[in-house]
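What follows is each chain in one-letter form.
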Amino acid sequence: MKITVITGSPNRKGTTALLADKFIEGATEVGHDVYRFDAAFENVKPCISCGYCASNDSECVHKDSMSKLNDKLLESEMIVFVTPIYYYTMSAQIKAVVDRFHANNAKLSGNKKAMLFAAAYGSDDETMEGLEKTYEAILSYLNWNNAGVLLAKGCPAREVIETTDYPNLAYEIGKNV
Ligand SMILES: Cc1cc2nc3c(=O)[nH]c(=O)nc-3n(C[C@H](O)[C@H](O)[C@H](O)COP(=O)(O)O)c2cc1C
């Protein structure tokens, strides 16, 4: 299966980078074709709501890293979102990518699975609620099916998440995807 993993952290060796690494390790081991897009290290300009894409066959006025990602998104059967919690939801880096789905809404809609991996400092019920709601709404809007969610609460840093079972769970999810 073709899988696109989109990460949203500016920490190359952070908590969510580890979750992405482990998921990809598991998925690759069982033969999946995984493309990784680290949004924080790419050039992704925010959507400016100009409407150009609507009348120009999905072409965007921005000429940036989304050009290479769009092809991968369109051909992938599964899209995996990996993000740290920033103020109760996904990071701005990955949200900019999601907003740019706008140019391809119709082409992206339907027939895909999605997964969500996240990590946060907090561990109370509210910590991930905003992200979960947003993720569910995005999937509903795009007619994608949720294939799994891993929410690593109480994980402010790499050395903490390494002491938990979350990295291994991400690996197992990848192997069983
Ligand atoms: C700007 C910013 C906002 C954050 N907001 C939250 C938050 O609302 N709730 C929370 O539990 N942790 C919050 N955190 C902590 C991160 O989610 C946490 O440290 C996470 O493990 C970072 O992931 P990373 O190492 O992959 O970058 C925030 C961190 C930053 C830098």
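Residues numbered from 1 in each chain as written. Predicted model: local features only at pLDDT ≥ 70, side-chain atom pairs only at ≥ 80, totals over all residues. Heavy atoms only, no water.

Engineer: Residue-level account of empty space enclosed by the protein, with values.
Structural biologist: For the structure shown, the criterion picks out 2 cavities of 30 Å³ or more. The volume enclosed by the largest cavity comes to roughly 100 Å³. Lining the largest cavity are 14 residues, and of these Cys47, Ile48, Cys50, Cys53 and Cys60 sit closest to its centre. When contributions to the lining of the largest cavity are tallied by element, the ones reaching two or more residues are α2 (52–55) and α4 (92–100). Per-class residue counts for the lining of the largest cavity are 8 nonpolar, 4 polar and 2 charged. Its boundaries defined by the atoms lining it, the second largest cavity holds a volume of some 60 Å³. Phe81, Thr83, Met90, Ile94, Leu116, Leu131, Tyr135, Ile138 and Leu139 are the residues that line the second largest cavity. Looking at the lining of the second largest cavity, the elements that each hand over two or more residues are β3 (78–84) and α6 (129–142). Sorting elements by how many residues they give to the lining of the second largest cavity places α6 first, with 4 residues. (1 Å grid on protein atoms, 1.4 Å probe; cavity = no way out; pocket = protein on both sides within 12 Å on 5 of 7 lines; lining within 4 Å. Points joined across faces, edges and corners; volume = space filled by probe spheres on them. Helix = DSSP H or I, 4+ residues; strand = E, 2+ residues; numbered from the N terminus. Nonpolar A, V, L, I, M, F, W, Y, C, P; charged D, E, K, R; others polar.)

Engineer: A description of the packing of aromatic side chains should follow, citing residues and the corresponding values.
Structural biologist: Counted under the stated rule, the structure contains 5 aromatic pairs. Here a set of aromatic residues connected by ring pairs shows up, and it is made of Phe81, Phe101, Tyr135 and Trp144. Above the ring of Phe41, the side-chain terminus of Arg12 is found at 3.6 Å from the ring centroid. Sitting over the ring of Tyr35, Lys72 keeps its end group 5.0 Å from the ring centre. (Phe/Tyr/Trp six-rings, centres within 6.5 Å; stacked < 30°, edge-to-face > 60°. Lys NZ or Arg CZ within 6 Å of the ring centre and 35° of its normal.)

Engineer: Residues and numbers for the sheet that holds strand β5 (residues 145–152), please.
Structural biologist: The strand order across the open sheet formed by 5 strands is β2-β1-β3-β4-β5, and the pairing between neighbours is parallel. Two strands close off the open sheet at either side, each with one partner strand: β2 (33–38) and β5. Averaged over all neighbouring strand pairs, the angle between strand axes comes to 15 degrees, with direction disregarded. Here strand β1 (residues 2–7) pairs with β3 via 5 bridges, running parallel. In the strand pairing of β3, Thr7 is matched with Val82. (Pairing = 2+ DSSP bridges. Axes fitted to C-alpha atoms, helices over the stretch in contact; angles between N-to-C directions.)

Engineer: Describe the state of the cysteines, and please don't skip the residues or the numbers.
Structural biologist: Note: disulfide means a covalent bond formed between the sulfur atoms of two cysteine side chains. Summed over all chains, the structure comprises 0 disulfides. Between Cys60, a free cysteine, and Cys50, which holds the nearest cysteine sulfur, the sulfur-to-sulfur gap is 6.5 Å. (Disulfide = S-S within 2.5 Å.)

Engineer: So what's going on with the UniProt feature "domain: NADPH-dependent FMN reductase-like" (unreviewed entry) in the chain? Which residues, and what values?
Structural biologist: The sites that carry the UniProt feature "domain: NADPH-dependent FMN reductase-like" (unreviewed entry) are, in the present numbering, residues 1–127. The distance from the first to the last C-alpha atom of residues 1–127 is 32 Å, and the span holds 33% helix and 20% strand. (UniProt positions renumbered as here; feature names shortened; annotations may be inferred.)

Engineer: Run through a negative patch on the surface, naming residues and quoting values.
Structural biologist: Taken together, the side chains of Asp124, Asp125, Glu126 and Glu129 present a region of like negative charge at the surface. For Glu126, the location among the structural elements is in the loop between β4 (113–119) and α6. (Patch = residues over 30% accessible without salt bridge, like charges linked within 9 Å, V, L, I, M, F, W, Y side chains within 5 Å. Areas by Shrake-Rupley, 256 points an atom, 1.4 Å probe, with all protein chains shown as cover. Salt bridge = Lys/Arg side-chain N within 4 Å of Asp/Glu carboxyl O. Lys, Arg positive; Asp, Glu negative; His and termini not counted. Charge placed at Lys NZ, Arg CZ, Asp CG, Glu CD.)

Engineer: Lay out the environment of Glu59 in plain terms, naming residues and giving numbers.
Structural biologist: When you line up the elements, Glu59 lands in the loop between α2 and α3 (66–75). Taking C-alpha positions, Glu59 is 8.5 Å from Asn104, a pair spaced 45 residues apart along the chain. In this structure Glu59 touches Tyr52 and Cys53, once residues within four positions along its chain are discounted. (Contact = heavy atoms within 4.5 Å.)

Engineer: Explain the site of the ligand to me, and be specific about the residues and the numbers.
Structural biologist: In the neighbourhood of the ligand, 17 residues make up the surrounding shell, with Ser9, Thr16, Ile85, Gly122 and Cys155 lying closest. At a separation of 2.7 Å, an oxygen atom of the ligand approaches a polar backbone atom of Ile85. Note that an oxygen atom of the ligand is positioned 2.7 Å from one of the backbone N or O atoms of Cys155. Bound to the protein, the ligand loses 74% of the 640 Å² it would expose on its own. Taken together, the residues of the shell around the ligand break down into 10 nonpolar, 7 polar and no charged. (Near = heavy atom within 4 Å. Polar contact = N/O pair within 3.5 Å; in protein donor to acceptor, adjacent residues only side chain to side chain.)

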